[in-house]
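What follows is each chain in one-letter form.
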Amino acid sequence: MLALSRRILARGAILAGLIALAASTARAEHTPGFPWLDKNLSADARAALLVPQLTLDEKIHLVHSQFTQRDPEDPPPAGPNDDVGYVRGIPRLGIPPLHMADGNVGVANPWNARDNDEATALPSGLALASSWDPDLAFAAGAMAGGEARRKGFNVLLAGSVNLVRDPHGGRSFEYAGEDPILSGIMVGALIRGIQSQHVISTAKHFALNDRENGRFLLSAEIDEKSFRESDLRAFQIAIETGDPGAVMCAYNKVGGVYACENPFLLQKVLRGNWNYRGWVMSDWGAVHSTVASAIAGLDQESGDKYDEEVYFGAPLKKAVEDGAVPMARLDEMVGRILRSMFAAGLFDEPAAPAAIDWEAHAALAQKVAEQGSVLLKNARRLLPLQRGDGDIAIIGAHADIAVLAGGGSSQVRPVGGPALTVQLGGTPMGSPKMVWDPSSPLAALRKEDPTVEIRYADGSDTAAAVALAKEARTVILFAHQWMSEGWDVPSLSLPDNQDALIAAVAAANPRTIVVLETGGPVLMPWLDRVGAVLEAWYPGQRGGDAIARLLFGRVAPSGRLPVSFPQSEAQLPDHAAISFGSAASGPVHYSEGTAVGYRWYEMRNARPLFPFGFGLSYTRFDYSDLRVMRSTTNPMAIEASFTVRNSGGETGTDVAQLYVTLPEDRPNGVRKLAGWKRVTLRPGEAKRIKVALDPHALQLWNSATEAWEMPSGSYQVALGASARDQRLAARIKIELHDGAPAIAREQADSR
Ligand code: BGC
């Protein structure tokens, strides 16, 4: 929140904190008289045994976390040296402390509040989502969770699963795109990875925190059916897949009620419909009441000093004593926190300082950048570059030393420290710093081809850049757009005159390859004039190496867009790009409803610049023989099978995508993603692939019965390479017999 205006205070050496932490988190043994430490019991049973042991003050203590980046005169208790959220343990009962750090793209250390505490900086959330590879998301989560644990943290504030409804959204880079199924599965896998390290992960920000401008004030307005089928679906899938210990409620209001005191979100949907068992923590500064929040389902107030008062401190104690909040509800709040702590292993496997395998983690960050970069254009097979094929000019975006990272609370201090920090001014959030990760594309490209001359111009002088471009055989022009938590970008055009620079350079040398380091979609008025475009997002601390290897074909581009790129801002829904100030403080109507992103374009017969699911490779893939059938192993499930063939000349990885159009889906947007498969094939190789259609994609919310239904009727299942490039289709007729789908008729047709 205010996150960006937090005071940054130097702290003592990290080591001192870690040593103190080690002492305070010594492994909880099964102590006689402490039956809740018995690992053989379920997490529920252990929490149920422990709650009655707590005094009222201890319970109140557990339901609010402190923000510990405080004045030196008021130092935080021993811990990993500046937690963004901290709850002191209760040693008399063996309850460990909670040490929280942000962690969506690695263990964050925004504004260097923990002196020089570095962590592996992963590529952005959109980059990870572009891999369409849940195993990779799991590995990234396990990496970040492992680092958190070794640094002494046991809660990572990760799992950002808000949908990108408006690409101006300042946190688009943290999220996983516009599709609920892709986002839910990818973020769910990340959460599972984090929690595999005995570190609790959140899923956040619940819900509809899809934009930053006005996030503390605005009320997101959407009809319930659309909400259930879009943003809530993404959360539901992420929670089912990842089973996060905590869910973080958002700053904004939903339907006029603050998300952290919203009974519809917290009681009806999260607990009622989804049977969620973990705890709900607030975002930092998102609490506005005591009784209403506690009764609505908030279990823990976070970073307490951010709220106007510590609502879940003395006021909650009084409310419990007065009976305004029943003791049973307080017990439930505490029980949920303890249950998640038991379930994730915080009692049995406490976080402890240990050495980190930095090299292995950097290699993983590089792998994410390699799989997550998306090749958008490659005219006349300009790429991959061939060694020894003439001099290269590198232009722009500090590509001599660094790659860009996104800003805000998720900002990681990369290993080796930032290559560059640029102090900005005049933003709605004050004077944030733009951080560049220390990975030099120039150095990596020189390593790829030491036989040619590779020169650099920073792009600030267009004439100099054009002169360099003319002398070179090939130009690689790096362009960037910085995004941050706290405010939305005012425009999707590249800032600082970069469009003009690209146009001028491309006019001088048509063999111009543009590498984009952007938080989300940008406009490309120069697209027709350049030879190639690689969207590298914020590529993390090995981004330079990944980009060089992709451009030289050492690794095949395999990323696919998790978000549509518009041709112009006019193509976006009406609520896009609301500005800071009064427009952002009232209701924001998400009138596109469930038709987020590609479904919006399809409903309006509009052609985006690049569609969801799009991404080129250095080879070609053909599809044949699509069949859709009832699963042989699970009669409730529907499977599609098809053949993918690499019909080009290079080994490559395809992401074959299945989209389904439901019988009555027209009014809510047309087709939706129902499954996909990444498959790597050698030239000429073909593979028969089977994909189970995600049952979530086959259901619609029935507002009358308040239940999900799989409608009977004719479904179209289309196989393609993006939301627009649909190559084969099959129709199936589904009738329900005792609730189980039965395929009445199957008919394949090619298009
Ligand atoms: C962000 C959360 C973050 C929290 C703690 C808030 O400003 O919205 O995503 O976890 O700060 O840093």
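K.L.:
If you had to explain the overall build of the chain to someone new, which residues and values would you point to?
P.N.:
Looking only at helices and strands, the chain has 18 helices and 29 strands in total. On the principal axes, the C-alpha backbone points of the chain span a range of 75 × 65 × 50 Å. Taken over 751 residues, the chain has a buried fraction of 65%. Pairs at least 24 residues apart make up 75% of the contacts formed inside the chain by residues separated by at least 6 positions. Within the structure as shown, the chain displays about 25,300 Å² of accessible surface, and the carbon and sulfur contribution to it stands at 51%. If the 73 positive side-chain charges of the chain are averaged to one point and the 85 negative ones to another, these points end up 5 Å apart.

K.L.:
Describe the state of the cysteines, with residues and values.
P.N.:
The full count for this structure, using the stated rule, is one disulfide. Put simply, Cys249 and Cys260 are joined by a disulfide, and their sulfur atoms are 2.1 Å apart. Taking the torsion about the S-S bond as the criterion, the Cys249 to Cys260 disulfide, at about 110°, is right-handed. With Cys249 in strand β6 (residues 246-249) and Cys260 in the loop between β8 (257-258) and α9 (263-273), this residue pair connects regions lying eleven residues apart in the sequence. Assessed through its relative accessible area of 0%, Cys249 is described here as buried.

K.L.:
Run through the packing of aromatic side chains, naming residues and quoting values.
P.N.:
We describe a pair of aromatic rings using the distance from one ring centre to the other and the angle between the two ring planes. Overall, the coordinates contain 17 aromatic pairs when judged by the stated rule. Relative to Phe612, the ring of Tyr598 lies with its centre 4.5 Å away and its plane at 20°, an arrangement referred to as stacked. You can see Tyr598 sitting in helix α18 (residues 598-603) and its partner Phe612 sitting in the loop between α18 and β20 (621-630), a full 14 residues away along the chain. Judged by relative accessible area, which is 4%, Tyr598 ranks as buried. By the ring-pair criterion, three or more aromatic residues cluster together here, those being Trp132, Tyr598, Phe612, Tyr659 and Trp676. Its guanidinium or amino end placed over the ring of Tyr258, Lys253 lies 5.0 Å from that ring's centre, counting from NZ or CZ.

K.L.:
How would you summarise helix α14 (residues 441-448) if you had to cite specific residues and measurements?
P.N.:
Among all positions of α14, only Pro441, Leu442, Ala444, Leu445 and Glu448 are buried. Seen along its axis, α14 keeps its buried residues to an arc of 165°; they face one direction. Residues of α14 that are buried in the fold lie against β11 (392-395), β12 (403-404), β15 (454-457), β16 (474-481) and α17 (543-551).

K.L.:
Tell me what's going on with empty space enclosed by the protein, and back it up with residues and numbers.
P.N.:
According to the stated counting rule, one finds ten cavities of 30 Å³ or more in the structure shown. If you add up the space inside the largest cavity, you get close to 160 Å³. Along its surface, the largest cavity is lined by 17 residues, and Asp179, Pro180, Glu229, Arg599 and Lys672 are the ones closest to its centre. Of the residues in the lining of the largest cavity, the class split is seven nonpolar, four polar and six charged.

K.L.:
Break down the layout of surface pockets for me, with residues and values.
P.N.:
Regions of empty space are outlined by a rolling probe, equal in size to a water molecule, passed over the atoms. Here the largest pocket defines a volume of roughly 470 Å³. Lining the largest pocket are 23 residues, and of these Leu616, Ser617, Thr619, Arg620 and Phe621 lie nearest its centre. Broken down by class, the residue content of the lining of the largest pocket amounts to nine nonpolar, seven polar and seven charged.

K.L.:
Account for unusual backbone geometry, naming residues and giving values.
P.N.:
What is expected of a backbone is that most residues other than glycine have negative phi and most peptide bonds are trans. Backbone torsion omega between Lys204 and His205 reads -5°, so that peptide bond is classified as cis. The amide bond that connects Leu383 to the next residue, Pro384, takes the cis arrangement and shows omega of 0°. Topologically, Pro384 is positioned in the loop between β10 (374-378) and β11. Backbone geometry at Arg381 places phi at a positive 50°, although glycine is not the residue there. Tracing the backbone shows Arg381 in the loop between β10 and β11. We classify Arg381 as exposed; its relative accessible area is 61%. In this model, Asp496 sits at a positive phi of 55°, which is unusual for a non-glycine residue. If you trace the backbone, Asp496 turns up in the loop between β16 and α16 (498-508).

K.L.:
Which residues make up the pairing of strand β18 (residues 532-535), and what values go with them?
P.N.:
Of the two faces of β18, the one holding Ala532 and Leu534 and the one holding Val533 and Glu535 are both buried throughout. When β10 meets β18, the two strands line up antiparallel, connected through four bridges. Paired with Val374 across the bridge in β18 is Glu535. With four bridges joining them, strand β17 (residues 512-518) and β18 adopt parallel strand pairing. Counterpart to Val515 in the pairing with β18 is Leu534.

K.L.:
Help me get a handle on the sheet that holds β20, residues and values and all.
P.N.:
Read across the open sheet, the three strands follow the order β20-β21-β24; overall the sheet is antiparallel. One side of each edge strand has no neighbouring strand; the edge strands of this open sheet are β20 and β24 (686-692). Across the sheet, the mean angle from the axis of one strand to that of its neighbour is 20°, orientation sign disregarded.

K.L.:
Outline the pattern of salt bridges, listing residues and values.
P.N.:
In total, this model carries 43 salt bridges according to the counting rule given. Note that Arg329 is salt-bridged to Asp299, the shortest N-O span being 3.0 Å. With Arg329 in helix α12 (residues 327-344) and Asp299 in the loop between α10 (291-296) and α11 (314-322), the pair connects residues that are 30 residues apart, well separated along the chain. Between Arg549 and Glu370 there is a salt bridge, with the nearest N and O atoms lying 2.6 Å from each other. Taken as a pair, Arg549 in helix α17 and Glu370 in helix α13 (residues 358-372) lie far apart in primary sequence, 179 residues in all. Arg549 gets classed as partly exposed once you look at its relative accessible area, which sits at 22%. One continuous salt-bridge network, built from bridges that share partners, spans Arg171, Glu174, Glu212, Arg215 and Glu485.

K.L.:
Describe the confidence of the model for the chain, with residues and values.
P.N.:
Of the residues in the chain, 91% have a pLDDT of 70 or more, and the chain-wide mean is 91. Confidence drops under pLDDT 50 across residues 1-28; counting only partners more than four residues distant or on other chains, this segment forms 83 contacts.

K.L.:
Give a detailed account of the nonpolar core, specifying residues and quantitative values.
P.N.:
One finds Phe206, Trp284, Leu316 and Leu338 to be the most contacted residues of the largest nonpolar core, which totals 86 residues. The greatest single-element share of this core, amounting to eight residues, is contributed by α12. Ala121, Leu190, Leu681 and Ala723 belong to the second-largest nonpolar core, a separate cluster that totals 67 residues.

K.L.:
Outline the sheet that holds β8, listing residues and values.
P.N.:
As summarised here, the arrangement of the four strands in space is β8-β7-β5-β19, forming an open sheet in which the pairing is mixed. Of all the strands in the sheet, just β8 and β19 (587-589) have a single pairing partner and so form its edges. Of the pairings in the sheet, the one linking strand β7 (residues 253-254) to β8 comprises two bridges and is antiparallel in character. Looking at β8, one finds that Val254 is bridged to Val257.

Thresholds, definitions, all that
Residues numbered from 1 in each chain as written. Predicted model: local features only at pLDDT ≥ 70, side-chain atom pairs only at ≥ 80, totals over all residues. Heavy atoms only, no water. Helix = DSSP H or I, 4+ residues; strand = E, 2+ residues; numbered from the N terminus. Buried < 20%, exposed > 50% of the residue type's maximum accessible area, 1.4 Å probe, protein only. Contact = heavy atoms within 4.5 Å. Areas by Shrake-Rupley, 256 points an atom, 1.4 Å probe, with all protein chains shown as cover. Lys, Arg positive; Asp, Glu negative; His and termini not counted. Charge placed at Lys NZ, Arg CZ, Asp CG, Glu CD. Disulfide = S-S within 2.5 Å. Phe/Tyr/Trp six-rings, centres within 6.5 Å; stacked < 30°, edge-to-face > 60°. Lys NZ or Arg CZ within 6 Å of the ring centre and 35° of its normal. Arc of directions from axis to C-beta. 1 Å grid on protein atoms, 1.4 Å probe; cavity = no way out; pocket = protein on both sides within 12 Å on 5 of 7 lines; lining within 4 Å. Points joined across faces, edges and corners; volume = space filled by probe spheres on them. Nonpolar A, V, L, I, M, F, W, Y, C, P; charged D, E, K, R; others polar. Pairing = 2+ DSSP bridges. Axes fitted to C-alpha atoms, helices over the stretch in contact; angles between N-to-C directions. Salt bridge = Lys/Arg side-chain N within 4 Å of Asp/Glu carboxyl O. pLDDT = per-residue confidence, 0-100. Core = buried A, V, L, I, M, F, W, Y, C linked by side-chain atoms within 4.5 Å.

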